Amino acid sequence: MTEKLVRKTGPRHRNARIVTDFLLPLVATGFGLIVIFPLLWSFMASFFPIGDFTTWPPRLVPSRIEWDNYARAIKESMLLRFMANSLATAAGGTAIRMTVAILAAFAAAFLSFKGRDFLFIVILSTMLIPSDALLIENYLTIQRFGLLDTWFGIVSIYLLAPTQIFMLRQVFKTIPHEFREAAAIDGCGDIRFLTRIVLPMARPVALALTLQSFTSIWNAYLWPLLVTNTARMRTVQVGITMLGFSESLDFGPTFAAISLVTAPVVIAFMALRKKIVEGVAASGLVG
Amino acid sequence: MQSTPHRTIVTRHRRLSRIAPYLYFLPALALAVTFSLWPFFKTVVNSLSIVNLSGRIVEFVGLDNFRELSASGNFRDSLRNTFRFTAMFVPANILACLGAALLCYRKRRGTAFNELLFLLPMAVALSSAALIFKAMFNPTIGIVNWILGIDVDWFNDPAMAMFTLVALGVWLDIGLDFVLLLAALRNVPTQLVEAAAMEGANAWRKFFSIQLPMISPTLLFVVCTNVKDAMLISAPVMILTEGGPYRSTQTLVYQMYLEGFKSGNYTLGSTIGVVVFLLSVVMLLLLFRFEKRGVYYA
């Protein structure tokens, strides 16, 4: 329909079509290449032998490929241990966070009991308090519980996500209450109703929130830095800034470590691009 | 005889079904109190007192801490830097993300590839990106100076260091905000845009009269989260500039970290924490006022 309209109109519009169909995507690609330049350059730099970092003009591609950077990144640092810590905390933290959020959202949407709305507002009120303002007190709490240098200490302040609870409740509320009554008549309790009927119906949003939780815990920096004292408990984000290579312009192993940490996520993004773009639209954030 | 155990089971069952709903709320409530509401209360009380190194209150001093803070040049620098960063970061970020989204929202050949380019920064974690930027902006061997053909001492020039933080901030944010705005632009009904085009509206007119009002809820959401994140910036400062040179990039949360965890001054740290909280609430209120006037809901 659009194409017909455009074709019918005069040469001015044909020029406009050339601009929009060929020039704009090219501009976009140019802009996009500038945007990902740091990523490409760091990948190149992960193969730089030590001398390549100090040349002028700076190098874009390595003079020869230095695989040793990768070997040293793994052997001379605790990178693998850092990655294990990050995986464990991000996966475990996300699991707890989603369970907590789903339970609260379910009760808020389907169950009626005295004080429900008040308690729900108490939970949501934490949205207004940025956790950065509470770093000192939360640190003291974790210290008093003896949880410094533990996985639980690292994830503790990320376990409650009031915005996610709110979004889940909004989605749960679109599910008719008759479903619950029908399920109850068939002898299906609340927990089974939640896991068998509610969650499958809210799957796109639940998946988007799970992904968001995972990346936010995986990317956390300041808090994991504060609550870990020993190198072996550090997460990737903290550990990668303390590899100890970057002292003497010996950047190669650091960039190799960055590439090792980033590559799996980049590949996942390439594979999931369509899902991510659609998932954001579906998670109710838009419109 | 036999009815007694039966009755207890029934009453127990009834009692359980009365408590059960609260059990669903319990984990969330416990976490809210332990890691947000109670520490918030304690932080406020701390800011009105003198606190020792084990976090115990020694003396109640009223608003003295706030008075001391507002008189200190150190704190004023942090405040000014935080606002300066926010004022530079938010417009730059919105321009970059909206520009990218406008270039990509129409599905043409190559759009999938372009989308991927703008999405990929989302895959890079904060500290990795900070390390990459630190090397790229290196004044003597960095590639940024070479490409731009300039000789700027990024990390030793108080006037320039903030730009490295803004560049890093925009780069870290572009992925998510791009997707949000892209989805919003694609949700604008195509009939509206086509009708405008048929009546001779040019690209500017189309954008300002139709697309911008239609995406304004999403845009407001992005601006809100941008402002909040900018006011709370700390980690990029820690890795990239460490607040320097001459405190020119020391932000509020970074100063709070320095006072609380480097100097062990919990009193001052908590006082800054309260200021951070107040600022973020005021910012949100301002934005909500703006929402009533400037946002169009379909």
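Residues numbered from 1 in each chain as written. Chains lettered and ligands numbered in written order. Predicted model: local features only at pLDDT ≥ 70, side-chain atom pairs only at ≥ 80, totals over all residues.

### Some words on the overall build of chain B
Basically, it comes down to this: Helix numbers and strand numbers start at the N terminus; a helix is a DSSP run of H or I with at least 4 residues, a strand a run of E with at least 2. To get the radius of gyration, use the C-alpha atoms; to get the globule rule, take the number of residues to the power 0.38 and multiply by 2.2 Å. Here a residue counts as buried when 20 or more other C-beta atoms fall within 10 Å of its C-beta, as exposed when 12 or fewer do, and as partly exposed in between; the C-beta atoms come from the backbone. It is the C-beta atoms, placed from the backbone, that decide contacts: two residues are in contact if theirs lie within 7 Å.
Of the regular secondary structure elements, chain B holds 12 helices and 2 strands. The linear arrangement of helices and strands in chain B, starting from the amino end, is α-β-β-α-α-α-α-α-α-α-α-α-α-α. For chain B, the C-alpha radius of gyration of 26 Å lies well beyond 19 Å, the compact-globule estimate for 298 residues. When the backbone C-alpha atoms are referred to their principal axes, chain B occupies close to 85 × 55 × 35 Å. Counting all 298 residues of chain B, 43% fall into the buried class. Looking at chain B alone, contacts between residues at least 24 apart form 68% of all its contacts between residues at least 6 apart.

### Some details on the domain arrangement of chain B
Interfaces are often sized by the amount of accessible area the parts lose when they come together. Residue and element names in this part refer to chain B. To be explicit about the condition: As annotated, the domain borders come from an automatic or database domain assignment. The classification used treats Ala, Val, Leu, Ile, Met, Phe, Trp, Tyr, Cys and Pro as nonpolar, Asp, Glu, Lys and Arg as charged, and all other residues, Gly among them, as polar.
Domain annotation of chain B identifies domain 1 (3-47) and domain 2 (66-294). Each of domain 1 and domain 2 has a C-alpha centre, and the two are 40 Å apart. Across the boundary between the two partners, domain 1 contributes 4 residues, which contact 6 residues of domain 2. Classifying every residue of the side of domain 1 that touches domain 2 gives 1 nonpolar, 3 polar and no charged.

### Quick look at the nonpolar core
Here is the rule: Nonpolar cores are identified as sets of buried Ala, Val, Leu, Ile, Met, Phe, Trp, Tyr and Cys residues joined via C-beta atoms within 7 Å.
Counting 152 residues, the largest nonpolar core has A104(A), F106(A), L168(A), F178(B), V179(B), L181(B) and V276(B) as the members making the most contacts within it. Broken down by element, this core gets its largest block of residues, 19 residues, from helix 7 (residues 161-187) of chain B. Both domain 1 (3-47) and domain 2 (66-294) of chain B contribute no fewer than three residues apiece to this core. Setting aside chain neighbours within four positions, we find V276(B) in contact with P130(A), D132(A), A133(A), L232(B), L252(B), V253(B) and M256(B).

### Side note on the packing of helix 4 (residues 79-110) of chain A against helix 11 (residues 203-219) of chain A
Residue and element names in this part refer to chain A. This is how the line gets drawn: Throughout, an axis means a line fitted to C-alpha atoms (over the contacting stretch in the case of helices), and angles, computed between N-to-C directions, take values from 0 to 180 degrees. For this classification, under 35 degrees means roughly parallel, over 145 means roughly antiparallel, 65 to 115 means roughly perpendicular, and everything else is oblique. A crossing counts as left-handed when the near helix is turned anticlockwise from the far one by less than a right angle, and as right-handed when that turn is clockwise.
Where helix 4 contacts helix 11, the two axes come as close as 8 Å, and the packing angle between them is 140 degrees. Overall, the two elements helix 4 and helix 11 adopt an arrangement that is oblique. In this structure, helix 4 meets helix 11 at a crossing whose hand is right-handed. For the pair helix 4 and helix 11, the contacting residues are S86, T89, A90, G93, T94, R97 and M98 in the first and L209, T210, S213, F214, I217 and W218 in the second. Classifying every residue of the contact of helix 4 with helix 11 gives 6 nonpolar, 6 polar and 1 charged.

### Some points on the environment of F48(A)
All names here are of chain A. Mapped onto the elements of the fold, F48 is located in the loop between helix 2 (11-45) and helix 3 (68-75). Along the primary structure F48 and I197 are separated by 149 residues, whereas in three dimensions their C-alpha atoms are 54 Å apart. When near neighbours in sequence (up to four residues on either side) are disregarded, F48 contacts F53, R59, P62, E66 and G252.

### Concerning helix 3 of chain A
Residue and element names in this part refer to chain A. Inclusion rule: To obtain the arc, one takes the directions from the helix axis to the C-beta atoms.
Among all positions in helix 3, only N69, R72 and A73 are buried. Taken around the axis of helix 3, the buried residues stretch over an arc of 105 degrees, which confines them to a single face. The outward face of helix 3, more than 90 degrees from its buried face, is lined by the exposed residues A71 and K75.

### Quick notes on the confidence of the model for chain A
To keep things clear, this is the line we draw: You can read pLDDT as the predictor saying how much it trusts each residue, on a scale of 0 to 100.
In this model, chain A carries an average pLDDT of 85, and 91% of its residues clear a pLDDT of 70 or more. Note that residues 1-8 of chain A has pLDDT below 50 and, in this model, 3 contacts with residues that lie over four places away or in other chains.

### Some details on the environment of D149(A)
Residue and element names in this part refer to chain A. With respect to the helices and strands, the residue D149 is situated in the loop between helix 6 (135-144) and helix 7 (151-155). Note: C-alpha distance between D149 and M83 (66 residues apart in sequence) is 15 Å. Beyond its immediate stretch of four places on either side in the chain, D149 contacts T228, N229, T230 and M233.

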